[in-house]
Amino acid sequence: MSEGTGSGAWRMPASPYRGSWRLDGRFWPTVRDDPADAEAISHKLSVRAGLVRQLAAGLYTVTPMGLRVIQRVEAIIREEMNHIGAQELLMPVMHPAEIWEATGRYGLSEQFRLEDRGGRKMVLGMTHEEIVTWHAARELRSYRDLPQSWYQIQTKLRDEPRPKSGMLRVREFTMKDSYSFDADEAGLEKSYEAHSAAYARIFDRSGLLWYRVESDVGMMGGSGAHEYMAPSPSGEDVVARTASGSYAANVELAVSVAREPDFGDGPVAPEEFATPGIGSIEELAGFTGQHPATLAKSVVLVADSGPVLAIVRGEHQVHEKKIAHLIGEHRAAHPEEIREWFGADPGSLGPIGVSDAVRIVADSTIETGHYVTGANREGFHLRGVVLGRDFQAETADIRTVIEGEASVDGQGPIELVPVIEIGNIFKLGKKYSEPLGATYLDEKGQEQVIIMGSYGIGPARVAMAAIEQGHDENGIIWPTGIAPFDVHIVLIGDADSPQGEYAGMLWGQLSDLGLEVLLDDRPGLRPGEKFVEADLLGCPVRVTVGKRTLPDGPLEVMVRRTGDKSEIALDGAAEAIRALWAGLAAG
RNA sequence: CGGGACGUGGCGCAGCUUGGUAGCGCACCUGCUUUGGGAGCAGGGGGUCGCGGGUUCAAAUCCCGCCGUCCCGACCA
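Residues numbered from 1 in each chain as written. Chains lettered and ligands numbered in written order. Predicted model: local features only at pLDDT ≥ 70, side-chain atom pairs only at ≥ 80, totals over all residues. Heavy atoms only, no water.

**Student:** I would appreciate a short explanation of the layout of surface pockets in the present structure.
**Tutor:** Over the atoms rolls a probe the size of a water molecule, and in doing so it shows where empty space is left. Roughly 410 Å³ of volume is contained in the second largest pocket. If you trace the second largest pocket, you find 16 residues lining it, with Arg 18, Arg 72, Ala 75, Gly 481 and Glu 516 closest to the centre. Broken down by secondary-structure element, the contributors of at least two residues to the lining of the second largest pocket are α2 (64-83) and α10 (498-512). Looking at which element gives the most residues to the lining of the second largest pocket, the answer is α2, with 6 residues. Across the lining of the second largest pocket, the residue classes break down as 4 nonpolar, 5 polar and 7 charged. (1 Å grid on protein atoms, 1.4 Å probe; cavity = no way out; pocket = protein on both sides within 12 Å on 5 of 7 lines; lining within 4 Å. Points joined across faces, edges and corners; volume = space filled by probe spheres on them. Helix = DSSP H or I, 4+ residues; strand = E, 2+ residues; numbered from the N terminus. Nonpolar A, V, L, I, M, F, W, Y, C, P; charged D, E, K, R; others polar.)

Shown next as C-alpha cells:
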C-alpha cells in the first residue's frame, strides 16, 4: 500500500493563474542552431523554439510549449464550430476494415492496415467519413433528426509517400473534421455555407493571410469543394489567382485564357523537315525560331484502357489531375512501349500516323492554329499540323495554367502562389451515405439518402503557416490569437530579489486581467540569453523587469512584431500593458 | 516508386582522399568571477564513429549488403 504525503517533491510550483506560467523548472528545450536536416522556416523555428521534437520521419512530439499554440488554435476552432451548432464527439482511430471496404476505400496506398489477434482486418483512420456515416446510418432515421453537424479533433494516420517540411506533411497528425447530414441539397448548401463562414472566422482569428479557392474533390469524392490556403514559400500546393482574388483556384483545376501566339500562314498539308538531335521543346523552339506555343508537346501515358497520347502547346504542361478526370489512373509510358506504338523515340512523337490503339487527347488550345509536332520518325518533325484536318482527337482542358495568362473573369493576369493547405470543405452528397445505407424517412414515409458534407482543418498546419508568415531573423512572430502567451515577462535577477517580487506581482496582475503570461524567472541565466529566447518564442508583448525598473520605473515594454520599445510608469502598469496588447489583438 | 546527399558524445561539425592513439565548437557537471542582448577563467564527465558482413597485422577511414534521415523528382519526350 502506498501513501501520499502531499509534501510535493516536485520543485515547480503550480500556477495559481489559469494559463499563465512561471518558467523556472519547466521543460522547454530550445536550440541554438538550426536542425541540420530542416529546410522549411517553420521546421527550423518550431524545433529551435522548443515547440516540437522529431521521433521519426513524419512523426513529431509536441512539447508543452508547442502544445499551448496547438490548443489555442483548437480552442478557436471549438468556439467557432460550436457557434454554428456543430456538436463535438470523438471517434476511434482504429477501424474495422469492412466499413472501408463498403465504400471502396480499403487498400488505398496511404492507408495503414493491420490485423488484430483474431486475424480481423483493421485500418488506422486517415479520415472519418466511413465511420461517421456508419453511425449516422444507425442513429439518424427520420427527417426530424436532420440536419446534424458533428465534429471531432482527432488523430489521423496516413502512410505518406514522402513526409516533409517538419510538421507540414506528416504521417500522424491531429485534424478537426466535421460532417454534416442534411435531408436535401438545399440543406447541404446551408451547412456548407455555415462552415465556410466559420472557417473564415477561424483563420482570421488565427491571424493568417489565407485564400479560399476552388479545389479538386480528390480522394474524398463528391460534387464540389473548396480549400483554404495560406500563402507560403514552403507550401506544397499552388494557387492560381488574380491580384484582387476575384478568381482563385488550385492549379489542379484552375483555368485561364491562353495567350494566342502568332501562328502566321501554314502549309495546306503537314510538311516534314529534319530536326537532327532535337528532343526537347526548348531545343525545337531554338531550332525553328518559333514560339513554344506553336509547337505541340506530345506526352505518352498508359491508362487502364491502354496508351494515351496527350497533346498540349509547348509552353504548357499536361496536368496530371486534369487528364486523370478523362483517362483515370495512369502512368508514364516506358521508352520501349513508346517505340512499339509510335515507331520513334521520345522527342520525335506526334499525333499523325499513330496506331489506332492509341487514344489521342488534345488540350482545347490546340483547336486553333497549326503546330509543329514530332513526325514519329527519329530526327524529323512536321510543320503545319492542324487538328481536325490532319488528325482527330478528343479535346478538353488538360493543361496547366501559366503565370501571366488572363483570368477567365477578365480581372487581369493570373499569378501562381505557393500555399499551405490549412483546411478544406467538401460537398460529399451521397458518396458515403449511399454505400453505407445512411437513409431517413421523409414526411411522406419515403426512404431518402442523407446528403453529406465534410470539412477539415489541420491545427498544426495553421500553427506552422503562422510561423511561415510571421518570423524574422530572430525567431517567430506569433499572431496575438494563437501565441503561446500574450505577454512574456523577462525577469533580470533572481525571483527573491526586489525586482523578482515585483515581476511576480505584475505577472499576477496581468493574469487577473485575463492575459496568459509567461514569467521567465529562471535563475542563473544571463539577460542576453533570456532576450534571445524571448525573441525566438515570439510572444506579442515583452516586458522587461530588472534592477532599473525599481523603485520608480519605468517598465520597458517591447512589441515583438515591430520591435517598438516603450516605457511605461509602474503606476497602472498592468492596465497599460493590457491596453497595448488589446490594441495589437484588434489588429 | 526513381534519383541525390548525409549518418562520428545531447546539438552543430571536422577527421575518411593517402587505414595505425577519435577531435573541435556549443550544451552538460564542479568551483570562482560575472549579470539589461546567447559571459570569462580553471577543472571534469560523456562517443564500441547507424547496423551487419568482408579485406587487412590493424577499419570512423577501403569493399559489399541493409537500415535511417533529408532534398529533388515521380507526364513535361
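**Student:** What is the right way to read the pairing of strand β19 (residues 371-377) from this model?
**Tutor:** Look at any regular strand and the pattern is simple: side chains alternate between the two faces of the sheet. Of all 7 residues making up β19, 6 are buried, and the element is well covered by its neighbours. Pairing between β19 and strand β20 (residues 380-385): 4 bridges, direction antiparallel. Bridging across to β20, Tyr 371 finds its partner in Val 385. Connecting the antiparallel pair β19 and β20 is a turn made up of 2 residues, with Gly 379 showing a positive phi of about 85°. (Buried < 20%, exposed > 50% of the residue type's maximum accessible area, 1.4 Å probe, protein only. Pairing = 2+ DSSP bridges.)

**Student:** For this particular structure, what's the right way to read the sheet that holds strand β14 (residues 271-274)?
**Tutor:** Each strand in a sheet pairs with another by means of backbone hydrogen bonds, the pair being arranged parallel or else antiparallel. Here 3 strands make up an open sheet; going across it, the order is β14-β20-β19 and the pairing antiparallel. Two strands bound the open sheet, and with one partner strand each, they are β14 and β19. Across this sheet, the average inter-strand angle for adjacent strands is 35°, counted without regard to direction. Judged from the 4 bridges that link them, β14 and β20 form a sheet pairing that is antiparallel. Pairing of Phe 273 across the sheet is with His 381, part of β20. (Axes fitted to C-alpha atoms, helices over the stretch in contact; angles between N-to-C directions.)

**Student:** Please clarify how the nonpolar core should be interpreted in this entry.
**Tutor:** With 52 residues, the main nonpolar core has Leu 51, Tyr 199, Phe 203, Ile 422 and Trp 478 as its most contacted residues. Every element with two or more residues in this core is listed here: α1 (41-48), α2, α5 (185-205), β11 (224-231), β22 (415-429), β25 (451-457), α9 (459-469) and α11 (527-537). Residues within four places of Trp 478 in sequence aside, it is in contact with Leu 51, Val 69, Ala 463, Ala 466, Ile 467, Ala 483, Pro 484, Leu 537, Gly 538, Cys 539, Pro 540 and Arg 561. Ranked by size, the runner-up nonpolar core spans 24 residues in total, among them Ala 97, Ala 137, Trp 150 and Ile 450. (Core = buried A, V, L, I, M, F, W, Y, C linked by side-chain atoms within 4.5 Å. Contact = heavy atoms within 4.5 Å.)

**Student:** Got a minute to help me understand the protein's contact with RNA strand B in this structure?
**Tutor:** RNA strand B sits among 46 residues. The nearest are Gln 317, Val 318, Gly 347, Pro 527 and Asp 535. Sugar and phosphate atoms represent 49% of those atoms of RNA strand B found within 4 Å of the protein. Between Arg 32 and RNA strand B, the recorded distance is 2.6 Å, taken from a side-chain N or O atom to a sugar or linking oxygen. In the model, a base nitrogen of RNA strand B is placed 3.0 Å from a nitrogen or oxygen of the Glu 533 side chain. Of all elements in the fold, only β2 (52-56), β15 (296-303), α11 and β30 (541-545) reach the threshold of two or more residues within the surface near RNA strand B. The leading source of residues in the surface near RNA strand B is α11, at 7 residues. (Near = heavy atom within 4 Å. Polar contact = N/O pair within 3.5 Å; in protein donor to acceptor, adjacent residues only side chain to side chain.)

**Student:** Teacher, can you tell me more about the confidence of the model for chain A here?
**Tutor:** A low pLDDT means the predicted coordinates there should not be read in detail. Of the residues in chain A, 96% reach a pLDDT of 70 or more, and the chain-wide mean stands at 92. Counting interchain partners and residues more than four positions distant, the pLDDT-below-50 stretch residues 4-8 has 0 contacts. On the interface metric, ipTM, the complex scores 0.94, and its pTM is 0.92. (pLDDT = per-residue confidence, 0-100.)

**Student:** Whenever I open this one, the packing of aromatic side chains confuses me. Can you help?
**Tutor:** Within a pair of aromatic rings, the relevant descriptors are the distance that separates the centres and the angle that separates the planes. Tallying each qualifying case throughout the model produces 9 aromatic pairs. Pairing Trp 21 with Phe 485 gives two aromatic rings, centres 5.3 Å apart and planes at 65°, and the pair type is edge-to-face. Of this pair, Trp 21 sits in strand β1 (residues 21-22) while Phe 485 sits in the loop between β27 (475-476) and β28 (487-491); the two residues are 464 residues apart in sequence, bridging distant segments of the chain. Both residues of the pair, Trp 21 and Phe 485, belong to the buried class. (Phe/Tyr/Trp six-rings, centres within 6.5 Å; stacked < 30°, edge-to-face > 60°.)

**Student:** What should I look at first to understand the environment of Glu 227 in this one?
**Tutor:** Inspection of the secondary structure assignment puts Glu 227 in strand β11. Note: C-alpha distance between Glu 227 and Ile 425 (198 residues apart in sequence) is 6.4 Å. Apart from residues no more than four positions distant in its own chain, Glu 227 is found in contact with Tyr 211, Arg 212, Val 213, Ser 215, Asn 250, Glu 421, Gly 423 and Asn 424. Reaching out from Glu 227, the side chain makes a polar contact with the side chain of Asn 250 at a distance of 2.7 Å.

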